[in-house]
Amino acid sequence: MRLQIRLLGSVELRVDDQVVTPGAAKRRAVLAGLALEANHSVSLPRLVDMVWSDVPPASAVANLRSHAAGLRRTLGDRLVARPNAYELRLSPHELDVTEFHRLAGEGRSLLATPDPAGAVATLTAALAHWRGASGDGLPRGTALDNRWASLDEQRLQVFEELAEARLAAGEHQHLLTELRGHLAAQPLRERAWGQLMLALYRCGDVPAALTVYRDARAVLDEQLGIEPGEELASMHRAMLDRASELAYTPPCAPIATATPPPAPTVAAAPPPTSPARPAGGAGWAVPRELPAGLVTFVGRGRETSEVVTTLRGTTRAAVVVTGAFGSGKTALAVRAAHAVAADFPDGQVFVDLGNRTPVTSGEVLGRVLRALGVAPADVPENTDERAGWFRSLVAGRRLLLVVDGVTRAAQVRPLLPAGPGPALVVIGQRRLGSLDGVRRVSLRPLVAADARDLLVALAGPERLAVVPAATGELVRLCTGSVLALRVAGTRLAARPDMSVGALVGQLADGRERLDLLDYEDLSVRASLATVVAAVRSDDEAAARLLTLLGAAPDALRRPERVARQLGITGTRLRRTLDDLLDAHLVQRDEPGGYRLPALVREYAAELADVPTVLAHPLTGRRGDPLAA
């Protein structure tokens, strides 16, 4: 007798290649329970739990014996009666669950080999056993539920393992529809989100890949209240950096563990030697990477004009946009870049270093070369070679580079234009004073009139006109920070029932200020944390000084005592203060002193874990730290 029992979908029984109807749902549940425990005795109490979802009837055991007798008429001596138990004898190939597990295991092993694409056929065969949800049509709420849930989860895992194998085989274009359908049904599968991002990236649709990351982040936040895991976040960063490891490597190519080929040299893979346009010759792509500009952009007319004038000038077209955290540096630079984009037909490259101090100039050059169409395998290993190749590629071309989140001059020094043609915009917290021949545009806090206009643009004029005094106080509490104003305006727009005065009252409470200045991906605290982390990586004493000032804002009135507390000399303390001044984390205070800006003071107090007690600003009581 040849048997075939299928549980990966509706329960199906074949005897000698003929479909046999096992019977009603409970009889099919008996068959399923015995098949899942094939070649092992299953006690009657366990079978009862597998068949009945609620309190079993007094006749449950008698009913089971009746179902077993009915099945034995079809299965013959394959169904064996044991004392208070039954056993179904099956060969491994006679149960689809066993075959699925076998093929999935083989495919998983192949996926771990130097040629993971070899797993495609085996994993495809494993999934072919599925015809729907496992145990479809059987009673739910029984002891079998966990088995069905486990099988369904394994099916999702094998689908994603197959997607990984197909990505290794270069099938990224054909995977898009299937991955989207998979995520539509299972939106919390981070691995699948990453696979869809990678498939789109390898199809050349980088903006779509980055949009998928934002979609994944929104779904995970909305449904689970969590951020994407490190693996997905790392892939997002790698895509922003155009990391070479994301490029498709054919199965026949050497794998990562093999001895790598020697780094290409300029002689072996020469860059184009002619600066003539149009772009698009060998080794050149025309990137259009500028992010969308903000619609609600207010003020900064003079500063924007300075950047635009520099980029369109005949002299060295390099500008550094600097300013305090949240001052709108990136928004201004992007706005200016869009204004001059037509003047740079050979492309615009946008690189975000994320204020990460470990990023080297070699990494930045590699990212830019890949954006310009240089194959990842052709990017030289040596930083000097990368710099030389970059200068040869861009000589005489009208290319605009925008590099955000720069913490050190060395990160962008090789990108400085060597002659007419290319232009460079650098965005950073520091002035980057050692960069020679660049124009510096420094952003000061937004003036009150512009701050009010920004709030009006975000929350609407009628709302803010009701209580002008409260609006003025809100402007003051945001201290001219574009980021803080955007968060406050966005909060008001999202809460039509909240008055401006109510938001002012909440912001006046130092215990909640930074919590309230946080909305979705706009966060004053996160921005400050990034800046402080960059400072700490360069100067640990600076971070300790910030913490000390958070606990004792007036400590600098006695600098000798501060130096002793930090274990440094007075000269070292002055240098540390200059570093913090350059990073816009402290301000000069007359006469000859220093003070923390208001929002920095709030964050420093958190670092020191010192509670801040404030009064409502509209009461006029003393003790409001923002009055300084």
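Our subject is the structure listed above.
Residues numbered from 1 in each chain as written. Predicted model: local features only at pLDDT ≥ 70, side-chain atom pairs only at ≥ 80, totals over all residues. Heavy atoms only, no water.

Turning our eyes to something else, we now look at the overall build of the protein chain. The helix and strand inventory of the protein chain stands at 25 helices and 15 strands. On C-alpha atoms alone, the protein chain measures out to a radius of gyration of 33 Å, which is more than a quarter above the 25 Å that the 2.2 N^0.38 rule sets for 628 residues. Viewed in the frame of its principal axes, the protein chain has a C-alpha envelope of about 100 × 70 × 55 Å. When the 628 residues of the protein chain are sorted by exposure, 48% land in the buried category. Restricting the contact set of the protein chain to residue pairs at least 6 apart, pairs at least 24 apart contribute 68%. About 28900 Å² of surface is accessible on the protein chain, with carbon and sulfur atoms providing 53% of the total. Charge centroids of the protein chain, computed over 73 positive and 70 negative side chains, lie 3 Å from each other. (Helix = DSSP H or I, 4+ residues; strand = E, 2+ residues; numbered from the N terminus. Rg over C-alpha atoms; globule rule 2.2 N^0.38 Å. Buried < 20%, exposed > 50% of the residue type's maximum accessible area, 1.4 Å probe, protein only. Contact = heavy atoms within 4.5 Å. Areas by Shrake-Rupley, 256 points an atom, 1.4 Å probe, with all protein chains shown as cover. Lys, Arg positive; Asp, Glu negative; His and termini not counted. Charge placed at Lys NZ, Arg CZ, Asp CG, Glu CD.)

Among the structural elements, A192 can be located in helix α8 (residues 190–202). Using a relative accessible area of 0% as the deciding quantity, one classes A192 as buried. Taking C-alpha positions, A192 is 44 Å from A508, a pair spaced 316 residues apart along the chain.

With that settled, the discussion passes to the side chain of E160. Looking at where E160 falls in the secondary structure, it is placed in helix α6 (residues 145–168). Setting aside residues up to four positions removed in sequence, E160 forms contacts with H182, R189, R191, A192 and Q195.

The next subject is helix α14 (residues 383–394). Taking 1.5 Å per residue as the helical rise, α14 with its 12 residues ought to reach 16 Å, and the 17 Å between its terminal C-alpha atoms agrees with that figure. The complete set of buried residues in α14 reads R386, A387, W389, F390, L393 and V394. Axial view of α14: buried residues confined to an arc of 165 degrees, hence all on one face. Check the buried side of α14 and you find it contacts α13 (361–371) and β9 (400–406). Here α14 starts with a cap whose side-chain oxygen sits 2.8 Å from the backbone nitrogen of D384, and that cap is N382. Residue G396 follows α14 closely and has a positive phi angle near 80 degrees. (Expected span 1.5 Å × (residues − 1). Arc of directions from axis to C-beta. Polar contact = N/O pair within 3.5 Å; in protein donor to acceptor, adjacent residues only side chain to side chain.)

Looking now at the pairing of strand β10 (residues 423–428). Of all six residues that make up β10, six are buried, and the element is covered over most of its length. The pairing of strand β7 (residues 318–323) with β10 spans five bridges and is classified as parallel. Within β10, the position partnered with V319 by the bridge is V425. As judged from the five bridges shared by β9 and β10, these two strands associate in the parallel manner. Its bridge partner lying in β10, V406 is registered against G428. (Pairing = 2+ DSSP bridges.)

Positive phi values are uncommon outside glycine, yet T479 reaches one of about 55 degrees. We note that H584 has phi near 60 degrees; this positive angle belongs to a residue other than glycine. Within the secondary structure, H584 sits in the loop between α24 (570–582) and β14 (587–589).

Further remarks concern the environment of V349. Of note, V349 is situated in strand β8 (residues 348–352). Classification of V349 by relative accessible area gives buried; the value is 0%. Put simply, V349 and E289 are 60 residues apart on the chain and 5.2 Å apart in space, counted from C-alpha to C-alpha. With near-sequence residues (within four places) excluded, V349 lies in contact with P287, E289, R367, V368, A371, L372, L399, L400, L401 and V402.

What the rule picks out here adds up to one aromatic pair. Judged by centre distance (5.5 Å) and plane angle (85 degrees), the rings of F100 and W130 are edge-to-face. Of this pair, F100 sits in helix α4 (residues 96–111) while W130 sits in the loop between α5 (120–127) and α6, placing them 30 residues apart in sequence. Each member of the pair, F100 as well as W130, carries the same accessibility label: buried. (Phe/Tyr/Trp six-rings, centres within 6.5 Å; stacked < 30°, edge-to-face > 60°.)

This brings us to the pattern of salt bridges. Where charged atoms from two side chains of opposite charge approach closely, those side chains can pair. For the coordinates displayed, the defined rule picks out 32 salt bridges. The closest approach of N and O atoms between E230 and R237, which form a salt bridge, is 2.5 Å. Classification of R237 as partly exposed rests on a relative accessible area of 33%. Between E303 and R300 there is a salt bridge; the shortest N-O distance is 4.0 Å. (Salt bridge = Lys/Arg side-chain N within 4 Å of Asp/Glu carboxyl O.)

Attention now goes to a negative patch on the surface. A cluster of like negative charges, contributed by D221, E222, E520 and D521, occupies part of the molecular surface. Counting through the fold element by element, D221 comes out in helix α9 (residues 206–224). (Patch = residues over 30% accessible without salt bridge, like charges linked within 9 Å, V, L, I, M, F, W, Y side chains within 5 Å.)

A grouping of L188, L224 and I226 is seen on the molecular surface, where their side chains present a nonpolar patch of about 240 Å² in accessible area. With respect to the helices and strands, the residue L188 is situated in the loop between α7 (172–185) and α8.

The parallel open sheet is built from five strands, whose spatial order is β8-β9-β10-β7-β11. Strands at the two margins of the open sheet, each flanked by one partner only, are β8 and β11 (439–443). In this sheet, adjacent strand axes meet at a mean angle of 15 degrees when their direction is disregarded. When β8 meets β9, the two strands line up parallel, connected through five bridges. Looking across to β9, one finds that F350 is bridged to V402. Relative to β11, helix α11 (residues 301–311) is tilted by about 165 degrees, and along the sheet it contacts β7, β9, β10 and β11. Contacting β8 and β9, α13 runs over the sheet at an angle of about 145 degrees to β8. (Axes fitted to C-alpha atoms, helices over the stretch in contact; angles between N-to-C directions.)

Count 3.6 residues to each turn of an α-helix, and residues three or four apart come out pointing the same way. Of all the residues in helix α2 (residues 44–51), the buried ones are L44, L47, V48, M50 and V51. Axial view of α2: buried residues confined to an arc of 160 degrees, hence all on one face. Its buried side turned inward, α2 meets α1 (25–36), β4 (42–43), α3 (60–75) and β6 (85–88).

Bringing the sheet that holds strand β1 (residues 3–6) into the picture now. Sheet architecture is open: three strands sit in the order β1-β2-β3, paired in antiparallel fashion. With partners counted over all chains shown, the strands left at the sheet margins are β1 and β3 (18–20), one partner each. Strand-to-strand twist across the sheet, computed as the mean angle between neighbouring axes with direction ignored, equals 25 degrees. With three bridges joining them, strand β2 (residues 12–15) and β3 adopt antiparallel strand pairing. Residue pairing across strands places L13 opposite V20, the latter belonging to β3.

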